[in-house]
Amino acid sequence: MCDIRYFKSAYHNYEVAEKLIQYYQSDELYLNDVAYNLQQCIEKMLKAFLECKGVTVPQTHSIRKLVEMSKNNDSVIVITDWIRDNQYEIESWESETRYNFDVCLEADRIRKGLKEVRKFLEANDMIPVLSEKITDEIKEKLLKKMPKTIQIRNDFEWNCYYSIFKNRL
């Protein structure tokens, strides 16, 4: 079942991370929360695209497993080089930052992660403004491919449906 609320939730995690980094002075807990939200954003995006492909996604926080599943199931998600190259580190941000209060992340590394996750979202057209790829003609084609019960309410939703259906247009 393809539910764009997964995409919205992933983007929300990114926005939370973006806001939290502003409060970081020297308190590692803020960095931990930023890292956790970045990991959640990536995990949810991978799962959302798999679900839209019709793949039943197991309960896992393993970025490595989800990247491999995406590749094996021809998911349309664009996995950036940074995510591919840093899967192990990103994966550790889920559990290490929540349960190990002694973990010390590098602020520069987390800031780099924030920029790279933004690139990942942009590469998949998961942005709040309408992607320049979506013309009126594309919108018409999309509406023909989608169930009639779906109501698109904003640019982010147009971007979601475009990303899901772009290979079928």
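Structural data are supplied above this passage.
Here is a short report on the structure shown in this document. (Residues numbered from 1 in each chain as written. Predicted model: local features only at pLDDT ≥ 70, side-chain atom pairs only at ≥ 80, totals over all residues. Heavy atoms only, no water.)

### Quick look at the nonpolar core
Under the convention used in this document: Residues belong to a common nonpolar core when they are buried Ala, Val, Leu, Ile, Met, Phe, Trp, Tyr or Cys residues joined through side-chain atoms within 4.5 Å. For the exposure calls, accessible area comes from a 1.4 Å probe over protein chains only, and a residue counts as buried if that area is under 20% of its type's maximum, exposed if over 50%, partly exposed in between. Helix numbering and strand numbering both begin at the N terminus, where a helix is a DSSP run of H or I of at least 4 residues and a strand a DSSP run of E of at least 2. Contacts: residue pairs with any heavy atoms within 4.5 Å of one another.
Ranked by internal contacts, the top residues of the largest apolar core, which has 54 residues, are Phe-7, Ile-42 and Met-45. Mapped by element, the contributors of at least two residues to this core are helix H1 (5–20), helix H2 (28–52), helix H3 (63–72), helix H4 (81–85), helix H5 (87–99), helix H6 (107–123), helix H7 (136–145) and helix H8 (155–165). With 12 residues, H2 is the largest single contributor of residues to this core. Discounting chain neighbours no more than four positions away, the residues touching Met-45 are Phe-7, Ala-10, Ile-77, Phe-120, Leu-121, Asn-124 and Met-126.

### Section: the side chain of Ser-131
Using the following cut-off: We call two N or O atoms a polar contact when they sit within 3.5 Å, provided that within protein one can donate a hydrogen and the other can accept it, with sequence-adjacent residues counted only if both atoms are side-chain atoms.
You can see Ser-131 is positioned in the loop between H6 and H7. A distance of 3.1 Å separates polar atoms of two side chains, one belonging to Ser-131 and the other to Asp-125. With near-sequence residues (within four places) excluded, Ser-131 lies in contact with Asp-125 and Asn-159.

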